[in-house]
Amino acid sequence: DVFLQSTLNNFMGVNEHGRSPGKGNQKIVIGPWRHALSASTRLGQLDFGPQSILDLTALELRWFDHWLKGVDNGVDADKPVKLFAMGINRWREFDEWPPAEISFTLFYLSEGSSGSADSLNDGVLTAAKPDQHGEVFDEYDSDPENPVRSFGGGHLGDDNGPQDQRDRENRVLTYTTAVLEQPLDVTGPVKAVLHASSTAIDTDWIVRITDVWPDGTSMLICDGILRARFKDSFEVPISLVPDMPMEFEVGLWATSHVFQVGHRMRVAIASSGFPRWDRNWQTGRNNAYETSGVVAHNRIFRDAVRASHVVLPVL
């Protein structure tokens, strides 16, 4: 839900700065649930099975019995991090967050056609860094009067969670891997590094990762947004220089998902996702007071010098 990243930040912060630091004194449990946990195993368009449901009351009572009543029930010996891994639909435990076992791996936006997406470009996602010289880019227009509609993701609405994105992909850029020959286990914080430019002095960069099933379903796994003028800080916004390429880091929060053999991984890029995120009128002023905006012509670069990519925590 919408509080995932702040919960992870709290866990890491208390671990680092708490009065009783040490593994086991703080624990975190993350399951495939909406904000108000129910007995349903379904979220969005997926059913995670009966194993996804935990008796959280029993879990909490066991915790407080140990720390408040001194009951020797083994809570202090449990591993601090308990995560539900989507894709394989089972619980896993780790000694820390992010897991020490991960390796941050780069996947680059690349040339060619994946033959798998009805999108603006149907590009390729690969572990090989681009070697093309000169300016190589994909481009699109961002019109605040006609934003791309959001569907699914980590929010509190009725359509949250994993949802098929195919109906939205004809208006966005996509980059898709070849069919996977071995499982790809992504567990930890995810981010995108975009080299991009805009004709406007402000725009949004929205990146999402989906699991593409053999039947073409493009199921949302995680996503994130960066309002360009806040690339360095919220306190001191900086207007873009029109048409000047810059580097932008877009946080996609975190996930634990195993892409199975026969599936593909896809990265989609847009500059709107309404109504989940308010539309950016792209004027560089406070959007709450704007009633009209400008159309931005945006470019995503993918050449040897400006190699846009995603950074995945591969387990």
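Below is a summary of the structure that appears in this document. No experiment lies behind these values; they were computed from the predicted model shown. (Residues numbered from 1 in each chain as written. Predicted model: local features only at pLDDT ≥ 70, side-chain atom pairs only at ≥ 80, totals over all residues. Heavy atoms only, no water.)

## Describing the packing of aromatic side chains
What the rule picks out here adds up to seven aromatic pairs. On the numbers, 5.7 Å between centres and 55 degrees between planes, the contact of Trp63 with Trp67 is tilted. Residue Trp63 and its partner Trp67 are both found in helix H2 (residues 56-69); the two are separated by four residues, about one turn of the helix. Relative accessible area serves as the criterion here: at 38%, Trp67 is assigned to the partly exposed category. Here the aromatic rings of Phe230 and Phe234 are separated by 5.5 Å at their centres, their planes lie at 50 degrees, and the arrangement is tilted. Residue class for Phe230 comes out partly exposed when judged on its relative accessible area of 21%. (Phe/Tyr/Trp six-rings, centres within 6.5 Å; stacked < 30°, edge-to-face > 60°. Helix = DSSP H or I, 4+ residues; strand = E, 2+ residues; numbered from the N terminus. Buried < 20%, exposed > 50% of the residue type's maximum accessible area, 1.4 Å probe, protein only.)

## Describing helix H1 (residues 4-17)
Relative to the 20 Å expected for 14 residues at 1.5 Å per residue, H1 spans 20 Å between its end C-alpha atoms, a close match to the ideal helical length. Within the span of H1, buried status applies to Gln5, Leu8 and Phe11. All buried residues of H1 lie within an arc of 125 degrees about the axis, which places them on one face of the element. What points out from H1, more than 90 degrees from its buried face, is the exposed set Asn10 and His17. (Expected span 1.5 Å × (residues − 1). Arc of directions from axis to C-beta.)

## A look at the pairing of strand E7 (residues 123-126)
Two strands pair when backbone bridges link them, and strand E6 (residues 103-110) and E7 are joined in this way by three bridges, in the antiparallel orientation. Within the sheet, the bridge partner assigned to Ser110 lies in E7 and is Val124. In terms of strand pairing, E7 meets strand E9 (residues 173-176) through two bridges, oriented parallel. Bridging from a neighbouring strand, Gly123 pairs with Tyr175 of E9. (Pairing = 2+ DSSP bridges.)

## Notes on H2
Compared with an ideal rise of 1.5 Å per residue, which puts 14 residues at 20 Å, H2 spans 19 Å between its outermost C-alpha atoms and is within 8% of the ideal. The backbone nitrogen of Thr57 has a side-chain oxygen 3.3 Å away, supplied by the residue at the start of H2, namely Asp55. Of the residues trailing H2, Gly70 is marked for its positive phi of about 75 degrees. (Polar contact = N/O pair within 3.5 Å; in protein donor to acceptor, adjacent residues only side chain to side chain.)

## Digging into the environment of Ala117
Here Ala117 is to be found in the loop between E6 and E7. Taking relative accessible area as the criterion, Ala117 reaches 15% and is therefore assigned buried. Each C-alpha atom, one on Ala117 and one on Asn25, is 46 Å from the other, the two residues being 92 residues apart in sequence. In contact with Ala117, other than residues within four places in its own chain, are Asp122, Thr174 and Arg266. (Contact = heavy atoms within 4.5 Å.)

## Regarding unusual backbone geometry
Of the consecutive residues Trp97 and Pro98, the connecting peptide bond is found in the cis state with omega at -5 degrees. Tracing the sequence through the fold places Pro98 in the loop between strand E5 (90-94) and E6. The phi dihedral of Asn89 is positive, around 55 degrees, even though this residue is not glycine. Mapping Asn89 onto the fold places it in the loop between strand E4 (81-85) and E5. Given a relative accessible area of 22%, Asn89 falls into the partly exposed group. Residue Trp253 is not a glycine yet carries a positive backbone phi of 60 degrees. Among the secondary structure elements, Trp253 is positioned in strand E13 (residues 246-259).

## A closer look at the side chain of Asp204
Position of Asp204 among the secondary structure elements: in strand E11 (residues 204-212). A polar side-chain atom of Asp204 sits 2.8 Å from a polar atom in the side chain of Asn280. Filtering out sequence-adjacent residues up to four positions away, Asp204 remains in contact with Ile225, Leu226, Arg227, Ala270, Ser271, Asp278 and Asn280.

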